[in-house]
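# Fold and geometry: a report
Given next are the chains, with one letter for each unit.
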Amino acid sequence: MILYFSATGNTKWAAMKLAAATRDNLVYIPDALKNKEFEYQLSPDERLGIVFPVHGWRVPIIVREFLQRISIISSSDHKKWSGYTYCVCTAGDSIGKALRYLPFKVDAAWSLIMPEAYVGLPFMDVDTKENERLKISKAGEQLKRICEDVFDKKTGISELVEGPIPSFFSGPVGGFFEKHLITDKPFHVEKERCVKCGICANVCPVNNIIGGKGTMPEWKKQKECLVCFNCYHHCPHHAIEYGHRTKNKGQYYFK
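First, a word on scope: everything that follows refers to the structure included in this document. Quantities reported herein were computed from a predicted structural model and do not represent experimental measurements.

Calculation rules
Residues numbered from 1 in each chain as written. Predicted model: local features only at pLDDT ≥ 70, side-chain atom pairs only at ≥ 80, totals over all residues. Heavy atoms only, no water. Helix = DSSP H or I, 4+ residues; strand = E, 2+ residues; numbered from the N terminus. Rg over C-alpha atoms; globule rule 2.2 N^0.38 Å. Buried < 20%, exposed > 50% of the residue type's maximum accessible area, 1.4 Å probe, protein only. Contact = heavy atoms within 4.5 Å. Areas by Shrake-Rupley, 256 points an atom, 1.4 Å probe, with all protein chains shown as cover. Lys, Arg positive; Asp, Glu negative; His and termini not counted. Charge placed at Lys NZ, Arg CZ, Asp CG, Glu CD. Pairing = 2+ DSSP bridges. Core = buried A, V, L, I, M, F, W, Y, C linked by side-chain atoms within 4.5 Å. Salt bridge = Lys/Arg side-chain N within 4 Å of Asp/Glu carboxyl O.

Bringing the overall build of the protein chain into the picture now. Along its length, the protein chain carries seven helices and 12 strands. Here the C-alpha atoms of the protein chain give a radius of gyration of 18 Å, agreeing with the 18 Å that 2.2 N^0.38 yields for 255 residues. Along the first, second and third principal axes, the C-alpha atoms of the protein chain reach 60 × 40 × 35 Å. Evaluated residue by residue, the protein chain yields a buried proportion of 52% over its 255 residues. Looking at the protein chain alone, contacts between residues at least 24 apart form 71% of all its contacts between residues at least 6 apart. With an accessible surface of roughly 13,000 Å², the protein chain has 51% of that area assigned to carbon and sulfur atoms. In the protein chain, which carries 35 positive and 28 negative side-chain charges, the distance between the mean positions of the two groups comes to 4 Å.

Below you can see the structure in the form of structure tokens.
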């Protein structure tokens, strides 16, 4: 079984590749939360994969909350399952000490460097098209090796791009990010560019946008928003902005 969360598609691509290689079932975390699916049974020889993008040098809140609520038992004796567990996380650059915030012990862990999608800070933008292609190509080669290792249930692997001063970025910076930057309040629509297509509402993984075809979108201004920028990146007319921080910035989602 592979538990995964993805917004702009980088992580979904990785999860689907892993599922194809291992023939394990995919469970999309937002759907599981919506349907209140928190109990799972695995056989002793199955694998458990946890696949997610790094948000603010930490495990996304939605992933942490879900993992803290689930119960996984062995289908053979109905006791707590303790089989092979691994994680793969994606990031545009480095992950810091993100796995400190993963409420699961894993036997192996990898990070995949993928095209940048976070545009919520003045100094952060999407990659150039050339860098996108290079990152996806390199990640594809790495993912082939990861799939082989996961299939063979190799343990003790920790191939993580933590970057400089990782504890600082996942600690104080990550805390500031979660407290002050995960909010939908800055999201707004440039009305002269919006064609009311409804795409932004349809692609929001947590249904935080009110609207649809023929309706001007509105963000709920509640706590559901993950600031994953999926709405921003999928807008075909670049009508969505995040305050002034996204002005003249690019868009990206995995195609």
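Still more to cover.
What follows deals with the side chain of T22. For T22, the location among the structural elements is in helix 1 (residues 10–22). Given a relative accessible area of 7%, T22 falls into the buried group. Those residues in contact with T22 that lie beyond four places of it in its chain are I2, R47, V150 and F151.

This paragraph deals with the pairing of strand 4 (residues 47–53). Within strand 4, seven of the seven residues are buried, leaving the element largely enclosed by the surrounding structure. Here strand 4 shows two buried faces, one formed by R47, G49, V51 and P53 and the other by L48, I50 and F52. With three bridges joining them, strand 1 (residues 2–4) and strand 4 adopt parallel strand pairing. Bridging from a neighbouring strand, I2 pairs with G49 of strand 4. Note that strand 4 and strand 6 (residues 84–91) share seven bridges and pair parallel.

So, about the nonpolar core. Ranked by size, the top nonpolar core spans 58 residues in total, and within it L3, F52, F66 and I240 carry the most contacts. Looking at this core, the element that brings in the most residues is helix 3 (residues 61–69), giving four residues. For F66, the contacting residues outside a window of four places in its chain are L3, I29, A32, L33, E37, F38 and Y40. I2, Y86, A108 and A139 belong to the second-largest nonpolar core, a separate cluster that totals 21 residues.

We now examine the pairing of strand 5 (residues 71–74). Because side chains alternate across strand 5, one face comprises the buried residues I72 and S74, and the other comprises S71 and I73, none of which is buried. As paired elements, strand 3 (residues 39–42) and strand 5 share four bridges and run parallel to each other. From the neighbouring strand, L42 faces strand 5, where its bridge partner is S74.

We note that K196 has phi near 55°; this positive angle belongs to a residue other than glycine. For K196, the position within the fold is in the loop between strand 9 (187–189) and helix 6 (199–203). Backbone geometry at N248 places phi at a positive 65°, although glycine is not the residue there. When its relative accessible area of 73% is taken as the criterion, N248 is described as exposed.

Moving on, we come to the pattern of salt bridges. By the definition in use, this model includes nine salt bridges. D149 serves as the salt-bridge partner of K154, at 3.4 Å between the closest nitrogen and oxygen. Residue K154 is classed as partly exposed on the basis of its relative accessible area of 39%. Taken together, the shared-partner salt bridges connect R58, R64 and E178 into one network.

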